[in-house]
Amino acid sequence: PSLEEGLPNVAMEAASTGNLIIANAVGGIPELIRHKTNGILCETNDAEGLYRQMKWAMDNRDQIPTLGAAARTNMEMNFSSKDFGKKYVDYYREIITS
């Protein structure tokens, strides 16, 4: 897991294909992942915590498809390539006018 991150493409790609994401809660990752709603978040530099979250995923394999489907839905609703660029422009406009 990364110690620092922006909004990594690999997490976005994994989410858009419905895969389970286990990642550190750094940078923009918490904007993409909600813990045990559409992925799993871990504390940075906590190897034992990472182990516990990975073990949880292995012990709860039946929930992985649900988490993956929620990740995909989140991508479609909030990170669609059709809207993503427009959202960036709107965000920068808001910053400039503030």
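For the structure, see preceding data.
What comes next concerns the included structure. (Residues numbered from 1 in each chain as written. Predicted model: local features only at pLDDT ≥ 70, side-chain atom pairs only at ≥ 80, totals over all residues. Heavy atoms only, no water.)

Another point: the layout of surface pockets. Empty space within the largest pocket amounts to approximately 340 Å³. Residue assignment for the lining of the largest pocket shows that the elements contributing at least two residues are α4 (64-78) and α5 (81-97). Among the elements that make up the lining of the largest pocket, the one with the highest residue count is α5 (5 residues). Looking at the lining of the largest pocket residue by residue, the classes come out as 6 nonpolar, 3 polar and 2 charged. For the second largest pocket, the calculated volume is near 160 Å³. For the lining of the second largest pocket, the secondary structure elements donating two or more residues are α1 (9-16) and β1 (22-24). In terms of residue class, the lining of the second largest pocket is built from 9 nonpolar, 2 polar and 1 charged. (1 Å grid on protein atoms, 1.4 Å probe; cavity = no way out; pocket = protein on both sides within 12 Å on 5 of 7 lines; lining within 4 Å. Points joined across faces, edges and corners; volume = space filled by probe spheres on them. Helix = DSSP H or I, 4+ residues; strand = E, 2+ residues; numbered from the N terminus. Nonpolar A, V, L, I, M, F, W, Y, C, P; charged D, E, K, R; others polar.)

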